[in-house]
Amino acid sequence: MNVVVCLKQVPAKIKIEIDPKTGALASGGVDRAINPPDLYALEEGVRIKEKTKGKLTVLSVGPAKADESLKEAIGYGADEGILLCDPAFEGSDTWATAHILGKALGKIGEFLLVICGKQSIDGETGQVAAQLAEALGAPFVPLVNQIEELGETSIRVRRMSDEGHQVIEMMLPGVITVVKEINTPRIPSLRGLMAAKKAVIPVWNAQALGVDPAAVGSAGSPSRVARVFFPQRPGKSEMLQGDPEGQVGQLVDRLRQARAI
Ligand SMILES: Cc1cc2nc3c(=O)[nH]c(=O)nc-3n(C[C@H](O)[C@H](O)[C@H](O)COP(=O)(O)OP(=O)(O)OC[C@H]3O[C@@H](n4cnc5c(N)ncnc54)[C@H](O)[C@@H]3O)c2cc1C
């Protein structure tokens, strides 16, 4: 069975910085890594590939340096990684990103299942996978925590919901997102690391994908970021003085005053 995993490269450090002028995420000079939730998608893809003797392809829309994450994915067991990169893609929102991924899947042609992470740790919209399913005209199940059965025409999955678990059968080809409860990602083997080192990552640009530059980038993105900011903490802090008992008394007074306001 041919499986495709979509993987985003994100800043390796947790603290996200925002360019105060543009409101965009500041990515220059920051170490990059595979979006951590995508490691669960990748592990699930590798397991399916091993079980079904199929092929696992990993796709990423990103800058030239994103090929490092695709090579890393080969280290984990993917057969190939394809970078979707073109200056025309810059400024793409989630809709345009999903459009690019959809075009790449159209070019790949033969696949039954697309696996995405739950969300990215930087953009964090959790929208790309659903929009990709829409672009493909394919069914979609989010937040899968177990694949119960996988056939040539359908898949049965368990997904988390607020009430508990749902068991859903979906026709294939289709798209799922997975949560961290689905598996424990492996540590790449020495053989995998060697394969990653030697891997050559093809780059598909707008022309190769048949993507109209007007349908992607800022021009083709239906959403606009009006403002991005870290919330300012209102109020001031105050250190209470005196012995512990006196401090408790002061604290109770302050809380009473605050409640009275
Ligand atoms: C107006 C606007 C302009 C933007 N301009 C830029 C820009 O110039 N440069 C830039 O880097 N970002 C830009 N972005 C952000 C970019 O659109 C998002 O980072 C991207 O679409 C992914 O969204 P997300 O991070 O919320 O992913 P989510 O929807 O949270 O990701 C869910 C899953 O989808 C898959 N996925 C997400 N992104 C990718 C990807 N790129 N490749 C493969 N799989 C993926 C992964 O499996 C991931 O776990 C812009 C966003 C907006 C709204």
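Data block above holds the structure.
Parameters and conventions
- Residues numbered from 1 in each chain as written.
- Predicted model: local features only at pLDDT ≥ 70, side-chain atom pairs only at ≥ 80, totals over all residues.
- Helix = DSSP H or I, 4+ residues; strand = E, 2+ residues; numbered from the N terminus.
- Buried ≥ 20, exposed ≤ 12 C-beta atoms within 10 Å, placed from the backbone.
- Contact = placed C-beta atoms within 7 Å.
- Near = placed C-beta within 6 Å.
- Nonpolar A, V, L, I, M, F, W, Y, C, P; charged D, E, K, R; others polar.
- Axes fitted to C-alpha atoms, helices over the stretch in contact; angles between N-to-C directions.
- Parallel < 35°, antiparallel > 145°, perpendicular 65-115°, else oblique.
- Left-handed = near helix turned anticlockwise from the far one by under 90°.
- Pairing = 2+ DSSP bridges.
- Right-handed = clockwise from strand over helix to strand, strands pointing away.
- Expected span 1.5 Å × (residues − 1).

## Concerning the overall build of the protein
1) Next: Broken down by element type, the protein carries seven helices and 11 strands.
2) Next: Principal axes of the C-alpha set define a box for the protein whose edges measure 70 × 40 × 40 Å.
3) Next: A total of 261 residues make up the protein; the buried ones form 36% of that total.
4) Next: Long-range contacts, defined as pairs at least 24 residues apart, comprise 69% of the intrachain contacts of the protein with a sequence gap of at least 6.

## As for the site of the ligand
1) Next: Taken together, 34 residues lie around the ligand, and Cys116, Gly117, Ser120, Gly123 and Thr125 are the ones closest in.
2) Next: Elements supplying a minimum of two residues to the shell around the ligand: α1 (36–52), β4 (56–61), α3 (94–108), β6 (113–117) and α4 (128–136).
3) Next: For the shell around the ligand, the per-class residue count stands at 11 nonpolar, 16 polar and seven charged.

## Structural notes on the packing of α3 against α4
1) Next: Running from N to C, α3 and α4 cross one another at 50°; their axes reach a closest spacing of 8 Å. The angle between α3 and α4 places the two elements in the oblique class. Remark: the crossing between α3 and α4 carries right-handed chirality. Of the residues in α4, those in contact with Thr94, Trp95, Thr97, Ala98, His99, Leu101, Gly102 and Leu105 of α3 are Val128, Gln131, Leu132, Ala135 and Leu136.
2) Next: Of the residues that constitute the contact of α3 with α4, the class distribution is eight nonpolar, five polar and no charged.

## Quick look at the sheet that holds strand β1 (residues 3–6)
1) Next: Spatially, nine strands are ordered β9-β8-β7-β10-β6-β1-β4-β5-β11 in an open sheet, and the strand pairing comes out mixed. With one partner strand each, in any of the chains shown, β9 (164–171) and β11 (203–204) form the two edges of the open sheet.
2) Next: Here two bridges tie strand β5 (residues 80–84) to β11, and the two strands are oriented parallel to one another. Paired with Leu83 across the two strands is Val203, which belongs to β11.
3) Next: Across the sheet, helix α2 (residues 67–76) is in contact with β4 and β5; its angle to β5 comes to roughly 165°.
4) Next: Here α3 sits on the sheet in contact with β1, β4, β5, β6 and β11, set at roughly 150° to β4.

## Let's talk about the pairing of β5
1) Next: The buried fraction of β5 is high, at four of five residues.
2) Next: In the sheet, β4 pairs with β5 via five bridges, with the strands oriented parallel. In the strand pairing of β5, Ser60 is matched with Leu83.
3) Next: Regarding topology, α2 serves as the crossover connection from β4 to the parallel β5, and that connection is right-handed.

## Side note on α3
1) Next: Helix length check: α3, at 15 residues, gives a terminal C-alpha distance of 21 Å against a target of 21 Å (1.5 Å per residue), a fit within 8%.
2) Next: Taking burial as the measure, the 15 residues of α3 include 11 buried ones, the bulk of the element.
3) Next: Among the residues of α3, Thr94, Ala96, Thr97, Ala98, His99, Ile100, Leu101, Gly102, Lys103, Ala104 and Leu105 are the ones counted as buried.
4) Next: One or two steps after α3, the chain reaches Gly109, where phi turns positive at roughly 80°.

## Quick notes on the packing of α2 against helix α5 (residues 190–198)
1) Next: Packing of α2 against α5 leaves a shortest axis separation of 7 Å and a crossing angle of 150°. For the element pair α2 / α5, the angle class is roughly antiparallel. Read as a crossing pair, α2 and α5 show a hand that is right-handed. Of α5, the residues touching α2 (which contributes Lys71, Glu72, Ile74, Gly75 and Tyr76) are Gly192, Leu193, Ala195 and Ala196.
2) Next: Split into classes, the residues belonging to the contact of α2 with α5 amount to five nonpolar, two polar and two charged.

## A short note on the environment of Phe111
1) Next: With respect to the helices, strands and loops of the structure, Phe111 is situated in the loop between α3 and β6.
2) Next: For Phe111, a count of 19 C-beta atoms within 10 Å corresponds to the partly exposed category.
3) Next: Separated by 23 residues in the primary sequence, Phe111 and Ala88 have C-alpha atoms spaced 26 Å apart.
4) Next: With near-sequence residues (within four places) excluded, Phe111 lies in contact with Asn2, Val3, Val4, Leu105 and Pro173.

## Quick word on helix α7 (residues 244–260)
1) Next: The first and last C-alpha atoms of α7 sit 24 Å apart over 17 residues, in line with the 24 Å expected at 1.5 Å per residue.
2) Next: Counted residue by residue, α7 has zero buried out of 17 residues, so it is predominantly exposed.

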